[in-house]
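Below, each chain spelled out in residue letters.
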Amino acid sequence: MPTSKRKGSTRKKKNLVIVESPAKAKTIEKYLGRNYHVIASKGHIRDLPKSQMGVDFENNYQPKYISIRGKGDTIKELKAEANKANKVYLASDPDREGEAIAWHVAHVLKMDNTEKNRVTFNEVTKDAVKEAFKHPRTIDMDTVNAQQARRILDRLVGYSLSPILWAKVKKGLSAGRVQSVALKLVIDREREIKEFKPEEYWTIDAEFKKDKERFAASFYGYDGKKQALPNNDAVQAVLKRIDKKGNFTVENVVTKERRRQPPAPFTTSTLQQEANKRLGYRTRRTMSIAQQLYEGISLGKSGTVGLITYMRTDSKRVSPVAQAEASKFLHEKYGAEYAAKSQRHFKNQEDAQDAHEAIRPTSVYRTPESLKSALTTEQYRLYKLIWSRFLANEMTAAVYDTLRFDVTQNGVIFRASGSKMKFPGFTKVYDNVQEKNSELPQITEGDLVKLAKSDNKQHFTLPPARYTEASLVRALEENGVGRPSTYAPTIDTIQRRYYVKLEGRAIMPTELGEIVDELIEKFFPDIVNVDFTAQLESDLDQVEAGKKDWVKVVDDYYKPFKAELDKADEQIEKVQIKDEPAGFNCDICGAPMVIKMGRYGKFYACSRFPDCRNTKPIVKKIGVTCPKCGKGEIIEKKSRKNRKFYGCSRYPECDFVSWDQPISRNCPNDGHFLIQKKTKKGLVVLCPEGDYKEEPQEESATN
């Protein structure tokens, strides 16, 4: 009797695909079909050890990689699946980190580096993924070496500076290449604000009338020349020269048609900036939501689909295929007059990498409204921003009729100007600059008009604004510091180290941040030198392009740094962060309490530490009685994610909490407590349970 073959022994081996994210793995496996099995490395699986420098100085800075703690099970799974696979493909993200992850996985699985097993795609859609698998390539070692060079340099700087900060300032501190520059930018801005001396200036705003028509104009100058008004004497001199009851003559009437072009497509930096300004999202939050949109969202019967292209890019390039689809959509939805007549090409910055497209929707036909039910509120808002911005790129310019003219008398010139939208163009879907329509008067050269009223106002020049996350990202990008993948973690790091703090959206340096910056600036000037750091970024780009050797780039940077390091270790004196008296005594031992500087800010502690370890948080009272219990006071608190909220001082006896600041007045309609919210127009007082609302106030709402 013949022996039967064991069931399943002839089963065909599958191809194994390794990606970074489990969410993306599920999506891609559906696209590739039953001959493929897709699993995730869950990010990096090897890195430099945390317990030591991990760099061999005697052997051309060779890194000593080890398996990351906690990744043992993942590595076992990768090896097991690779052993039973027909072929292994490495499909980690299409950037330096992704290329390095692919290389590390190949090393662990003992794969042949000459084999074409690396697959990249810019969007997680069925067509893009299937097309990518038709064109596998070898691992790009130039890109890997650029990532290695950055990682090694960051380790050399971080692990060399941190022990000095621990010894000379306090334990738990750290320093890094890009974060030190970001901190310096914040501190330099704060110095500018403190040193700023306001200058007085005046304006004269007037209203003129012609028959029944009225229009506004402002003082421009004398006898055809622009003139500033530095003080009230200058204002009075103007007013003495004019006859308020006499006629003024209209001169220099200029009418034009102005075209406003759409903004460029989103890069990582501009997406972070706009999401911060428009949606109030922190940079890390923006990137987290964008990652979800890129990796794929379940759309019911349509399956899981990646909704946007890769979100770490500094390129403004858009594929002709996507542009053609947008043009077709615009013709169908809005009409030919809204579609750009030719495909636009936005110029990249000089140091931009063009490996990926700009950030755009994978299909413009997936409108935000059609996806609303499948997305969270955050996903919907960010997707709508990306979708609208991309569609605007492919639309015609907005057209305005503009009018400018002078109103003169005795050589005194008032200038009037205004604009009125003639055709909305791209602003139909996305308006990045809010322009007010002005009612343009029917005016002709030589017309005589009367002065209806004038208003003289004193002003003072304002200091530069503090950085927000959006403007700090822009400053880092403009200075060539860091890359798209580094902006969010850099800003997050300086906040977690308590080198800076957020007041509303403004980033302010802390005392600790100023101490660290002063020390680094004095002893390691190259690290906080913007030009020096930008040059290093350029050198890393050259490594990626195969034009520079990564070992030489590291060596050229490290040797002068090492000289500074040796000098600093001898010369830096220990920094004494003095404790401030708290003004009350310890409720355990009776000794005076002091204010100490901790890793996460200031706190109260007993002056007899370590004999007495009593500590208390510093709470900020807002002068409002708890509306729930009527006994406690409302205090300002911070969540684990450093978000401000308000709670009762009697917690846990009273569990009142509110994200918005309560005030000591109740709603006149239903008696509920009122809250105040910050808006662009000022503070708005409203009832959280009803529709009662008070007009915006310039000053803080009264309690």
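Residues numbered from 1 in each chain as written. Predicted model: local features only at pLDDT ≥ 70, side-chain atom pairs only at ≥ 80, totals over all residues. Heavy atoms only, no water.

Looking at an unreviewed UniProt entry, one finds the chain named DNA topoisomerase 1 and attributed to Lactobacillus corticis. UniProt, in its Catalytic activity (unreviewed entry) section for the chain, records the words "ATP-independent breakage of single-stranded DNA, followed by passage and rejoining." Under the UniProt heading Sequence similarities (unreviewed entry), the note attached to the chain is "Belongs to the type IA topoisomerase family." (UniProt positions renumbered as here; feature names shortened; annotations may be inferred.)

Colleague: Looking at this model, I keep getting lost on the overall build of the chain. Mind explaining?
Modeller: Looking only at helices and strands, the chain has 17 helices and 29 strands in total. Sorting the 703 residues of the chain into buried and exposed places 50% on the buried side. Long-range contacts, defined here as pairs at least 24 residues apart, represent 65% of the contacts in the chain between residues at least 6 apart. Here the chain has roughly 37,400 Å² of accessible surface; of this, 47% comes from carbon and sulfur atoms. When the 123 positive and 96 negative side-chain charges of the chain are each reduced to one mean point, those points stand 6 Å apart. (Helix = DSSP H or I, 4+ residues; strand = E, 2+ residues; numbered from the N terminus. Buried < 20%, exposed > 50% of the residue type's maximum accessible area, 1.4 Å probe, protein only. Contact = heavy atoms within 4.5 Å. Areas by Shrake-Rupley, 256 points an atom, 1.4 Å probe, with all protein chains shown as cover. Lys, Arg positive; Asp, Glu negative; His and termini not counted. Charge placed at Lys NZ, Arg CZ, Asp CG, Glu CD.)

Colleague: Hey, could you run me through the pattern of salt bridges in this one?
Modeller: Side-chain pairs of opposite charge can arise whenever the charged atoms involved come near each other. Applying the stated rule across the entire model yields 48 salt bridges. In this structure, the salt-bridge partner of Arg-189 is Glu-192, at a minimum N-O distance of 4.0 Å. Residue Arg-189 and its partner Glu-192 are located together in helix α6 (residues 177-195), separated by 3 residues, close to a single helical turn. You can call Glu-192 partly exposed: its relative accessible area is 41%. Among the salt bridges present, the one from Arg-191 reaches Asp-517, with a minimum N-O distance of 3.7 Å. Of this pair, Arg-191 sits in helix α6 while Asp-517 sits in helix α15 (residues 511-523), and the two are 326 residues apart along the sequence. Residue Arg-191 is classed as partly exposed on the basis of its relative accessible area, which comes to 36%. The network of salt bridges with common partners includes Lys-184, Asp-188, Arg-191, Asp-517 and Glu-521. (Salt bridge = Lys/Arg side-chain N within 4 Å of Asp/Glu carboxyl O.)

Colleague: Sorry if this is basic, but what is going on with the sheet that holds strand β2 (residues 36-40) here?
Modeller: Strands belonging to one sheet form pairs held by backbone hydrogen bonds; the direction of such a pair is parallel or antiparallel. Reading across the sheet, the 3 strands line up as β2-β1-β7 and stay open at both edges, with parallel pairing between neighbours. Where the open sheet ends on each side, the last strands, each with one partner, are β2 and β7 (88-90). This sheet shows a mean twist of 25° between the axes of neighbouring strands, independent of strand direction. Here 3 bridges tie strand β1 (residues 15-19) to β7, and the two strands are oriented parallel to one another. Among the inter-strand pairings, Val-17 is bridged to a residue of β7, identified as Tyr-89. (Pairing = 2+ DSSP bridges. Axes fitted to C-alpha atoms, helices over the stretch in contact; angles between N-to-C directions.)

Colleague: So what exactly am I meant to see when it comes to the UniProt feature "site: Interaction with DNA" (unreviewed entry) in the chain here?
Modeller: Listed under "site: Interaction with DNA" (unreviewed entry) in the UniProt record, and renumbered for this structure, are His-44, Arg-150, Arg-151, Asp-154, Tyr-159, Trp-166, Arg-312 and Arg-497. Separation in sequence by 454 residues is matched in space for these annotated residues, since their most distant C-alpha atoms are 33.9 Å apart. Relative accessible area serves as the criterion here: at 22%, His-44 is assigned to the partly exposed category.

Colleague: It is not clear to me how the sheet that holds strand β25 (residues 644-648) should be interpreted in this structure. Could you clarify?
Modeller: Taking strand neighbours across the sheet as the criterion, the 4 strands line up as β23-β24-β25-β26 in an open arrangement whose pairing is antiparallel. If you trace the sheet from one side to the other, it starts and ends with β23 (620-625) and β26 (657-658), each paired once. The pairing of β23 with strand β24 (residues 633-638) spans 3 bridges and is antiparallel. Bridge pairing links Lys-621 to Ile-635 in β24.

Colleague: Explain the nonpolar core to me, please; I cannot follow it from the model alone.
Modeller: Considering soluble globular proteins, one finds that nonpolar side chains tend to be buried as a cluster. Phe-121 and Leu-382 are the most contacted members of the largest nonpolar core, which has 62 residues in total. The element best represented in this core is helix α12 (residues 377-393), accounting for 9 residues. If you look at the next biggest cluster of nonpolar residues, it comprises 59 residues, including Tyr-61, Val-481, Val-528 and Val-554. (Core = buried A, V, L, I, M, F, W, Y, C linked by side-chain atoms within 4.5 Å.)

Colleague: So what exactly am I meant to see when it comes to the packing of aromatic side chains here?
Modeller: Any pair of aromatic rings gets described here by the distance separating the centres and the angle formed by the planes. The tally for this structure, following the rule as stated, stands at 25 aromatic pairs. Here Phe-219 and Phe-414 contribute two aromatic rings whose centre-to-centre distance is 6.1 Å and whose plane-to-plane angle is 80°, an arrangement assigned as edge-to-face. Note that Phe-219 is positioned in strand β9 (residues 213-222) and Phe-414 in strand β15 (residues 412-423), a separation of 195 residues in sequence. When its relative accessible area of 1% is taken as the criterion, Phe-414 is described as buried. Taken together through their ring pairs, the aromatic side chains of Phe-208, Phe-215, Phe-219, Tyr-222, Phe-248, Phe-405 and Phe-414 make up a single cluster. The ring of Tyr-400 carries the charged tip of Arg-258 above its face, separated from the ring centre by 4.8 Å. The ring of Tyr-430 is capped by Arg-278, whose NZ or CZ atom sits 4.4 Å from the centre of that ring. (Phe/Tyr/Trp six-rings, centres within 6.5 Å; stacked < 30°, edge-to-face > 60°. Lys NZ or Arg CZ within 6 Å of the ring centre and 35° of its normal.)

Colleague: Explain the side chain of Glu-636 here, please?
Modeller: Position of Glu-636 among the secondary structure elements: in strand β24. The residues contacting Glu-636, other than those within four sequence positions of it, are Lys-620, Lys-644, Phe-645 and Tyr-646.

Colleague: Can you help me understand the UniProt feature "active site" (unreviewed entry) in the chain in this one?
Modeller: Here the UniProt-annotated "active site" (unreviewed entry) positions come out as Tyr-310. Structurally, Tyr-310 is set in the loop between β13 (304-305) and α10 (320-333). Look at Tyr-310 and you get buried, because its relative accessible area is 0%.

Colleague: I tried to follow the environment of Glu-97 on my own but got confused; where do I start?
Modeller: Mapped onto the secondary structure, Glu-97 falls in helix α3 (residues 96-108). On the basis of relative accessibility, which here comes to 31%, the residue Glu-97 falls in the partly exposed class. In the structure, Glu-97 is positioned 361 residues away from Gln-458 in sequence and 55 Å away in space, judged by C-alpha atoms. Not counting residues within four places of it along the chain, the set of residues in contact with Glu-97 comprises His-44 and Gln-147. A polar contact is formed between the side chain of Glu-97 and the side chain of His-44, at a distance of 2.7 Å. (Polar contact = N/O pair within 3.5 Å; in protein donor to acceptor, adjacent residues only side chain to side chain.)

Colleague: Teacher, can you tell me more about the side chain of Glu-564 here?
Modeller: Mapped onto the fold, Glu-564 is located in helix α17 (residues 550-571). Buried and unpaired, Glu-564 has no salt bridge, with Lys-567 as the nearest side chain of opposite charge at 8.3 Å. Not counting residues within four places of it along the chain, the set of residues in contact with Glu-564 comprises Phe-523, Phe-524, Pro-525 and Asp-526.

Colleague: What should I look at first to understand the environment of Thr-120 in this one?
Modeller: Relative to the helices and strands, Thr-120 is located in the loop between α3 and α4 (126-132). Distance from Thr-120 to His-135, taken between C-alpha atoms, is 9.1 Å for residues 15 residues apart in sequence. Not counting chain neighbours up to four residues away, the residues in contact with Thr-120 comprise Pro-94, Ala-132 and Arg-137.

Colleague: I keep staring at the packing of helix α5 (residues 141-168) against helix α16 (residues 530-544) and nothing clicks. Help me out?
Modeller: When two helices pack together, their arrangement is captured by the angle between the axes and the distance separating the axes. Packing of α5 against α16 leaves a shortest axis separation of 7 Å and a crossing angle of 150°. What the angle tells us is that α5 and α16 run roughly antiparallel. Here Asp-142, Thr-143, Asn-145, Ala-146, Ala-149, Arg-150 and Leu-153 of α5 lie close against α16, whose contacting residues are Leu-536, Glu-537, Leu-540, Val-543 and Glu-544. Looking at the contact of α5 with α16 residue by residue, the classes come out as 6 nonpolar, 2 polar and 4 charged. (Parallel < 35°, antiparallel > 145°, perpendicular 65-115°, else oblique. Nonpolar A, V, L, I, M, F, W, Y, C, P; charged D, E, K, R; others polar.)

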